[in-house]
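# A look at the structure
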Protein chains: 2
Amino acid sequence: MTLREEYAELQSKGLKLDLTRGKPSPEQLNLSNRMLELPGAGDYLAADGTDTRNYGGLTGLPELVEIFAPLLGIPKGQLLALGNASLQIMHDVIANAMLSPVPGAARRWVEEDEVVFLCPVPGYDRHFGLCERFGITMVPVALTGQGPDMDEVERLVAEDPRIKGIWCVPAYSNPSGEVYSAETVRRLAAMTTAAPDFRIFWDNAYAIHDLTEQRAELADVLDACARAGNPDRAFVFASTSKITLAGAGVAFLGSSTANVEWLKALMSKQTIGPDKVNQLRHVRFFGDADGVLAHMAKHRALLAPRFETVEHVLERELGGRGIARWSRPEGGYFVSLEVPDGCAAEVVRLAKEAGVALTPAGAAFPYGHDPRDHHIRLAPSYPSLTELREAMEAVALCVRLAAEEQKQG
Amino acid sequence: MTLREEYAELQSKGLKLDLTRGKPSPEQLNLSNRMLELPGAGDYLAADGTDTRNYGGLTGLPELVEIFAPLLGIPKGQLLALGNASLQIMHDVIANAMLSPVPGAARRWVEEDEVVFLCPVPGYDRHFGLCERFGITMVPVALTGQGPDMDEVERLVAEDPRIKGIWCVPAYSNPSGEVYSAETVRRLAAMTTAAPDFRIFWDNAYAIHDLTEQRAELADVLDACARAGNPDRAFVFASTSKITLAGAGVAFLGSSTANVEWLKALMSKQTIGPDKVNQLRHVRFFGDADGVLAHMAKHRALLAPRFETVEHVLERELGGRGIARWSRPEGGYFVSLEVPDGCAAEVVRLAKEAGVALTPAGAAFPYGHDPRDHHIRLAPSYPSLTELREAMEAVALCVRLAAEEQKQG
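Calculation rules
Just so you know, the residues in each chain are numbered from 1, in the order the chain's sequence is written. By the order in which they are written, chains take letters starting at A while ligands take numbers starting at 1. Note on the predicted model: pLDDT of at least 70 is required for a residue's local features to be given, and 80 or more for side-chain atom pairs to be given and counted; whole-chain, interface and lining totals, by contrast, use all residues. Excluding hydrogens and water, the side-chain figures rest on all heavy atoms present in the structure. A domain assignment, automatic or from a database, supplies the domain bounds used here. Two residues qualify as a contact provided that any one of their heavy atoms is within 4.5 Å of a heavy atom in the partner residue. What counts as buried area is the accessible surface, traced by a 1.4 Å probe, that two parts surrender upon association, with contributions from both included. Salt bridge, as used here: a side-chain nitrogen of Lys or Arg that lies within 4 Å of a carboxyl oxygen of Asp or Glu. Polar contact is the term for a pair of N or O atoms within 3.5 Å; when the atoms are in protein, one must be able to donate a hydrogen and the other to accept it, and sequence-neighboring residues count only if both atoms are side-chain atoms. Every helix listed is a DSSP run of H or I at least four residues long, and every strand listed is a run of E at least two residues long, numbered separately from the N terminus. Here the term charged refers only to Asp, Glu, Lys and Arg, the term nonpolar to Ala, Val, Leu, Ile, Met, Phe, Trp, Tyr, Cys and Pro, and the term polar to all other amino acids, Gly among them. A simple rule labels every residue: compare its accessible area, found with a 1.4 Å probe on the protein chains alone, to the largest value its type can have, and call it buried under 20%, exposed over 50%, or partly exposed in between. The nonpolar core is taken to be a set of buried Ala, Val, Leu, Ile, Met, Phe, Trp, Tyr and Cys residues, with the residues joined through side-chain atoms within 4.5 Å. The pairing criterion for strands is at least two bridges between them, as found by DSSP. Aromatic contacts are taken between Phe, Tyr and Trp rings whose centres are within 6.5 Å, Trp giving its six-membered ring; a plane angle under 30 degrees counts as stacked, one over 60 as edge-to-face, and the others as tilted. Lysine and arginine charges are scored as sitting over a ring when NZ or CZ, respectively, is within 6 Å of the ring centre and within 35 degrees of the ring normal. Here an axis means a line fitted to C-alpha atoms, over the contact stretch when the element is a helix, while the angle between two N-to-C directions is reported on a 0 to 180 degree scale. Under this scheme an angle from 65 to 115 degrees is roughly perpendicular, one under 35 degrees roughly parallel, and one over 145 degrees roughly antiparallel; angles in between are oblique. Crossings are assigned a handedness: left-handed for a near helix turned anticlockwise from the far helix by less than a right angle, right-handed for a clockwise turn. Least-squares fitting of one copy onto the other uses the C-alpha atoms of those residues that reach a pLDDT of at least 70 in both copies. An arc is given here, and it is the one of the directions from the helix axis to the C-beta atoms. Here a cavity means grid points, on a 1 Å grid over the protein atoms only, where a 1.4 Å probe fits yet cannot get out; a pocket means an open set of points with protein on both sides within 12 Å along at least five of seven lines; lining residues are those with an atom within 4 Å of a point. Grid points are joined across faces, edges and corners, and a volume is the space filled by probe spheres set on the points.

## Looking at the domain arrangement of chain A
Residue and element names in this part refer to chain A.
- For chain A, the assigned domains are domain 1 (3-22 + 292-408) and domain 2 (47-287).
- Just the C-alpha atoms count here: the centres of domain 1 and domain 2 sit 29 Å apart.
- The interface of domain 1 with domain 2 comprises 27 residues on the first partner and 33 residues on the second.
- In total, domain 1 and domain 2 occlude about 2,600 Å² of area from one another, counting both sides; carbon and sulfur atoms represent 66% of this.
- When the area that domain 1 buries against domain 2 is broken down by residue, the three leading residues are Val-292, Arg-300 and Tyr-367, summing to 23%.
- The tally of links from domain 1 across to domain 2 stands at 1 salt bridge.
- At the junction of domain 1 and domain 2, the tally comes to 9 residue pairs in polar contact (both at pLDDT 80 or more).
- When contributions to the side of domain 1 that touches domain 2 are tallied by element, the ones reaching two or more residues are α11 (289-318), β10 (335-338) and β12 (375-378).
- Looking at the side of domain 1 that touches domain 2, the element that brings in the most residues is α11, giving 9 residues.
- For the side of domain 1 that touches domain 2, the residue count by class is 15 nonpolar, 8 polar and 4 charged.

Right under this line is the structure:
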């Protein structure tokens with residue numbers, strides 16, 4: 001049977017599978033179902049006597065901050081517990097920097113002729129969406145397996161004052177899965193930047209989202225920045241979206257005291273406070289930091305077999321053929337699949353026509369443009385194991401078919 | 001006993017009372033305590049099968065929109081259910097208008113030499129705080145008891161293209177308590193504005209917050225704008241902050257289709273969606289629009305006696321003396337107290353030194369500046385009836401003392 005015939009057979013199955021987004025599965029969400037009844041009858045007072053039902057509490061519930069500060073490695077006085085989406089905090093930090101000078105800035109970013117962010121690739125499409133929304137020019141830099149190519153990053157930021165930021169997903173990077181090395185963190189913190197108001201947007205989305213019992217070893221970026229004499233360089237973002245309920249979690253921001261005070265002053269005009277009842281709900285659900293880690297072990301038990309399935313099918317179907325490489329992440333939500341240059345969009349098209357939705361080719365690159373058209377992001381968390389196996393077999397077949405047909409011209 | 005002696009006696013009581021903010025009382029919050037256990041075990045699916053626990057649903061849960069659309073008089077296709085704070089939505093609409101042209105705008109507001117908002121006075125200090133945060137110049141216009149002085153508003157907006165907006169709390173205005181007349185609404189909707197991108201910021205915070213069984217009769221501003229050929233003129237804001245839990249409610253935005261599409265496109269970059277579990281919690285708690293109104297009757301039962309106490313004490317202590325006037329609102333959260341010109345700050349100071357915290361004098365005016373120093377905002381919702389009576393007796397004494405001492409020079 002030719003690959004075309006196999007593909008025709010695949011199409012006839014009428015699959016309807018979705019690997020597009022890093023969404024938790026229903027089984028993962030079930031792990032937090034007790035939250036649907038929390039904080040529970042008559043339970044609304046915080047430890048300090050605050051009535052969580054009422055207005056106020058701009059910086060978040062102290063006991064929730066207390067639980068997450070050690071997990072995120074951020075001093076609790078520099079950690080804010082906010083709304084339900086870290087994306088929104090990232091958005092708001094940029095919007096604020098556009099309209100009010102960040103500490104150390106000569107002017108508001110909106111007054112600059114051009115604002116440029118470095119974008120390690122492959123990266124997170126929603127980060128790039130924020131840049132597009134704010135008219136920020138994106139310059140890709142390659143990831144190396146240890147974080148971004150630091151020689152290139154250092155060279156660019158040293159000479160170009162228009163470069164105001166860099167996006168980083170430092171642990172289990174979306175989608176490459178790599179963890180930034182201590183040396184990468186040190187160099188990011190210490191490098192000389194032409195812009196006095198350069199900022200690292202440190203999206204620590206997968207801080208405790210390990211796929212093995214080994215916790216990711218990630219250097220403390222705020223500490224590294226402080227030690228290097230650049231205390232205000234990093235904004236750290238995190239959330240419980242992939243810990244408790246994806247749409248009903250709590251997002252966190254950590255930074256230097258100066259950055260936090262800058263943000264608090266602006267936030268005090270924007271809101272009277274976050275949803276403290278939901279924060280109390282999280283406190284009751286976890287109890288303490290160990291409770292969070294115990295909960296993450298349950299996610300791991302559901303996620304690890306999915307990643308093993310991806311690895312197993314890719315190795316069986318594509319191993320040794322010289323047409324594909326893929327990541328073997330030890331945490332996070334994604335697998336990066338690299339196919340022959342010029343084939344990624346075709347693979348995604350073929351998969352779509354066989355009923356398997358993949359993230360659009362190029363999505364992991366600024367402006368949705370993968371110059372080599374070779375990268376595909378796989379998101380294995382949502383489907384069941386059976387669906388995932390079917391989907392991956394379909395993807396592997398599409399890769400073989402696209403590669404063969406490209407070779408034949 | 002002289003007033004000074006009475007005041008010394010008051011001070012010796014060591015009161016510690018707070019009338020500063022329009023916060024619901026613990027008894028009001030108790031009315032929604034069932035929410036602390038909702039949506040309840042295993043209850044997370046929306047009517048259309050959406051798993052509210054997961055990501056998505058940018059515009060809010062359709063069944064919650066369905067409940068509030070008739071209460072707010074907004075077509076459900078034009079109503080978004082969002083996060084926990086309408087203040088944040090107002091902030092975000094302005095930030096978006098600063099950075100992306102609103103429908104009909106020639107450019108982004110940040111590119112204008114100056115952006116001006118009309119501020120009916122007395123008004124809501126947090127609205128004025130937003131203007132200060134965004135560098136928007138505030139021009140006060142007088143309220144008349146039927147809404148703003150429309151002759152003045154029409155004259156100003158017709159001639160000055162820098163005027164991009166007007167703040168309105170149209171029902172039970174904060175703090176005057178007045179309800180905008182149908183004629184005011186019609187004129188706001190129909191008036192000729194020099195700015196093509198002029199917007200009404202219609203903060204309908206007290207839409208259903210009546211203190212009597214009579215519902216406020218407020219004309220439909222979106223319909224009036226559409227009929228007048230200015231369909232995109234108004235943004236309507238509302239929330240359940242003073243319906244369910246002040247810090248854990250749901251905020252709403254309603255506007256024209258063009259404005260809503262503009263905002264949705266920007267929001268799609270900012271967030272993956274609001275907290276749908278909290279929205280489902282609200283759906284389960286209310287059931288339907290009648291459930292909301294039945295719930296508001298319980299608030300009324302707690303609030304009406306507080307407003308009666310304010311009226312009773314003010315009338316008894318200050319009536320007929322020619323030194324004070326005050327509002328007798330039929331809804332909302334505030335009483336406006338007018339004292340002799342030049343006395344308001346002194347009354348607030350005297351009250352503070354007798355242990356009664358009042359909203360700072362001038363807070364209801366742009367830049368915190370009441371040019372006549374005559375207005376005091378009273379917020380009677382939070383204290384118990386006993387505390388409120390004590391506080392109001394103290395306030396009345398402070399008014400008499402300040403007026404007398406001013407007269408004596």
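## Description of helix α7 (residues 182-190) of chain B
- Along α7 of chain B, the residues that are buried comprise Thr-184, Val-185, Arg-187, Leu-188 and Ala-189 of chain B.
- Here the buried face of α7 of chain B lies against α6 (150-159), β5 (163-168), β6 (199-203) and α8 (221-227) of chain B.

## Points about the nonpolar core
- Leu-253 of chain A together with Leu-253 of chain B are the most contacted members of the largest nonpolar core, which has 72 residues in total.
- Ignoring any residue separated from it by four or fewer positions in sequence, one finds Leu-253 of chain B in contact with Gln-78, Leu-79, Leu-80, Leu-82, Ile-89, Val-93, Phe-235, Val-236, Phe-237, Val-260 and Leu-263 of chain B.

## Some thoughts on the sheet that holds strand β9 (residues 325-326) of chain A
Residue and element names in this part refer to chain A.
- In space, the 3 strands of this open sheet follow the order β9-β10-β12, with antiparallel pairing throughout. Strands at the two margins of the open sheet, each flanked by one partner only, are β9 and β12.
- Where β10 and β12 come together, 4 bridges link them in antiparallel fashion. Opposite Glu-338, over in β12, you have His-375 as the bridge partner.

## Digging into the packing of aromatic side chains
- All chains considered together, the criterion is met by 24 aromatic pairs over all chains.
- Ring geometry for Phe-201 of chain B against Phe-235 of chain B: centres 6.0 Å apart, planes inclined by 40°, an arrangement best described as tilted. Residue Phe-201 of chain B is located in strand β6, and its partner Phe-235 of chain B is located in strand β7 (residues 234-239); the two are separated by 34 residues in the primary sequence.
- Overall, Phe-201 of chain B belongs to the buried group, its relative accessible area being 0%.
- Site record: aromatic cluster; members linked through ring pairs are Trp-109, Phe-117, Trp-167, Phe-201, Phe-235, Phe-237 and Trp-262 of chain A.
- The side chain of Lys-23 of chain A reaches across the aromatic face of Tyr-382 of chain A, ending 5.1 Å from its centre.

## Here we look at the interface of chain A and chain B
- Chain A puts 59 residues into the contact, and the matching count from chain B is 59 residues.
- Buried surface at the junction of chain A and chain B, summed over both partners, amounts to about 4,600 Å²; 54% is from carbon and sulfur atoms.
- Of all residues in chain A, Leu-36, Arg-53 and Tyr-55 of chain A bury the most surface against chain B, accounting for 17% of the area lost on that side.
- Between chain A and chain B we count 0 salt bridges in total.
- Connecting chain A to chain B are 26 residue pairs in polar contact (both at pLDDT 80 or more).
- Sorting the residues of the side of chain A that touches chain B by element identifies α2 (26-30), α4 (86-99), α5 (125-133), α9 (257-270) and α10 (276-286) of chain A as the ones contributing at least two each.
- By residue number, the principal contributor to the side of chain A that touches chain B is α4 of chain A, which donates 8 residues.
- For the side of chain A that touches chain B, the per-class residue count stands at 26 nonpolar, 19 polar and 14 charged.

## Points about the packing of helix α12 (residues 344-353) of chain B against helix α13 (residues 385-408) of chain B
Residue and element names in this part refer to chain B.
- Between α12 and α13, the least distance of the axes is 9 Å, while the angle of their chain directions is 130°. The angle between α12 and α13 falls in the class oblique. In this structure, α12 meets α13 at a crossing whose hand is right-handed. Along its contact with α12, which presents Glu-346, Val-347, Leu-350 and Ala-351, the element α13 presents Val-395, Cys-398, Val-399, Leu-401 and Ala-402.
- Its residues placed into classes, the contact of α12 with α13 shows 8 nonpolar, no polar and 1 charged.

## Section: the relation of the copies chain A and chain B
- For these two chains of identical sequence, chain A goes onto chain B by a turn of 180° and a shift of 0.0 Å along the axis, with RMSD 0.0 Å. Each copy turns onto its partner about a two-fold axis. Within chain A, Glu-37 of chain A has its C-alpha nearest the rotation axis, a separation of 2.1 Å.
- A shared interface surface links the copies, since 100% of the contact residues of chain A are contact residues in chain B too.

## Some thoughts on the environment of Pro-175 of chain B
All names here are of chain B.
- With respect to the secondary-structure elements, Pro-175 resides in the loop between β5 and α7.
- Judged by relative accessible area, Pro-175 falls into the buried class, the value being 0%.
- Note: C-alpha distance between Pro-175 and Leu-350 (175 residues apart in sequence) is 21 Å.
- Contacts of Pro-175, omitting those with residues within four sequence positions, involve Pro-122, Gly-123, Ser-327, Phe-334, Val-335, Ser-336, Ala-364, His-375 and Arg-377.

## Brief notes about α6 of chain B
Residue and element names in this part refer to chain B.
- If you check which residues of α6 are buried, you get Met-150, Val-153, Leu-156 and Val-157. Within α6, the buried residues cover an arc of 130° as seen down the axis, which keeps them to one side. Opposite its buried face, α6 presents the exposed residues Asp-151 and Glu-159, each directed more than 90 degrees away.
- Residues of α6 that are buried in the fold lie against β3 (116-121), β4 (137-142), β5 and α7.

## Side note on unusual backbone geometry
- In this structure, Pro-175 of chain A follows Asn-174 of chain A across a cis peptide bond, with omega equal to 5°.
- With omega at 0°, the peptide bond leading from Leu-38 of chain B into Pro-39 of chain B counts as cis.
- If you trace the backbone, Pro-39 of chain B turns up in the loop between α2 (26-30) and α3 (62-72).
- The phi torsion at Tyr-367 of chain A lies on the positive side, around 60°, for a residue other than glycine.
- In this fold, Tyr-367 of chain A is placed in the loop between β11 (356-358) and β12.
- Tyr-367 of chain A sits in the partly exposed class, given a relative accessible area of 47%.
- Residue Asp-373 of chain B is not a glycine yet carries a positive backbone phi of 45°.
- Relative to the helices and strands, Asp-373 of chain B resides in the loop between β11 (356-357) and β12 (375-378).

## Let's talk about empty space enclosed by the protein
- Under the counting rule described, the total for this entry stands at 10 cavities of 30 Å³ or more.
- In terms of lining, the largest cavity is formed by 42 residues, of which the most central are Asn-84 and Gln-88 of chain A together with Gly-83, Asn-84 and Gln-88 of chain B.
- Of all elements in the fold, only α4, α9 and α10 of chain A together with α4 (86-99), α9 (257-270) and α10 (276-286) of chain B reach the threshold of two or more residues within the lining of the largest cavity.
- Looking at side-chain class alone, the lining of the largest cavity contains 18 nonpolar, 20 polar and 4 charged residues.

## A word on the packing of helix α3 (residues 62-72) of chain A against α11 of chain A
Residues and elements named next belong to chain A.
- Packing of α3 against α11 brings their axes to within 8 Å, and their N-to-C directions diverge by 65°. Residues Ile-67, Phe-68, Pro-70 and Leu-71 of α3 form the contact with α11, whose participating residues are Ala-289, Val-292 and Leu-293.
- Tallied by class, the residues present in the contact of α3 with α11 amount to 7 nonpolar, no polar and no charged.

## Let's talk about the pattern of salt bridges
Residue and element names in this part refer to chain B.
- Counted according to the given criterion, the structure contains 56 salt bridges over all chains.
- Note that Arg-162 is salt-bridged to Asp-160, the shortest N-O span being 2.8 Å.
- The exposure class assigned to Arg-162 is partly exposed, which follows from its relative accessible area of 39%.
- On the basis of relative accessible area, Asp-160 is assigned to the buried category, the value being 14%.
- Here Asp-341 and Arg-372 are joined by a salt bridge, their closest N and O atoms 3.0 Å apart. Taken as a pair, Asp-341 in the loop between β10 (335-338) and α12 and Arg-372 in the loop between β11 and β12 lie far apart in primary sequence, 31 residues in all.
- Overall, the relative accessible area of 40% leaves Asp-341 in the partly exposed class.

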